[in-house]
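Coordinates in review
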Amino acid sequence: FTGMFEPLLQSLGMGMDNDLENEISFGTFVSEYLEKGNVSQLIVTGKSRVTVKAKQQETPSRKDKHFTIGSVDAFEAQIDKVQNELNVPLAERVPI
């Protein structure tokens, strides 16, 4: 049934390979990316969404992941706290 409407959904940006597949939780971001040192950059857009740019791409087609935040200030404080707990040197902190 879905296959029948896939071309229409894709044209509307709502295909099966949509943005929801790339959404992660903050906890997943910390455990799967930050703790493993696999973050090259974090990009905040619209004051509530963070895009995770990974250092290593598992496959060439792998897309960036993203998660939602409440506020930029609270997010930056939370990232600082986590990186302090992980003893990440200041020179190696993830740019936001």
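Every chain is numbered on its own, with residues counted from 1 as its sequence reads. Owing to the predicted nature of the model, reporting of local features is limited to residues with pLDDT of at least 70; listing and counting of side-chain atom pairs is limited to 80 or more, with chain, interface and lining totals taken over all residues. The side-chain numbers reported here are obtained from all heavy atoms of the structure, hydrogens and water having been left aside.

Two strands qualify as a pair provided DSSP detects at least 2 bridges between them. Strands here are runs of E lasting at least two residues and helices are runs of H or I lasting at least four, both read from the DSSP assignment and numbered beginning at the N terminus. The pairing of strand 1 (residues 39–45) with strand 2 (residues 49–54) spans 6 bridges and is antiparallel. Note that in strand 2 the partner of Q41 across the bridge is K53. Linking strand 1 to strand 2, which pair antiparallel, is a turn of 3 residues; within it G46 sits at a positive phi near 60°. Note: strand 2 against strand 3 (residues 65–68), 4 bridges, orientation antiparallel. Bridged to V50 within strand 3 is F67.

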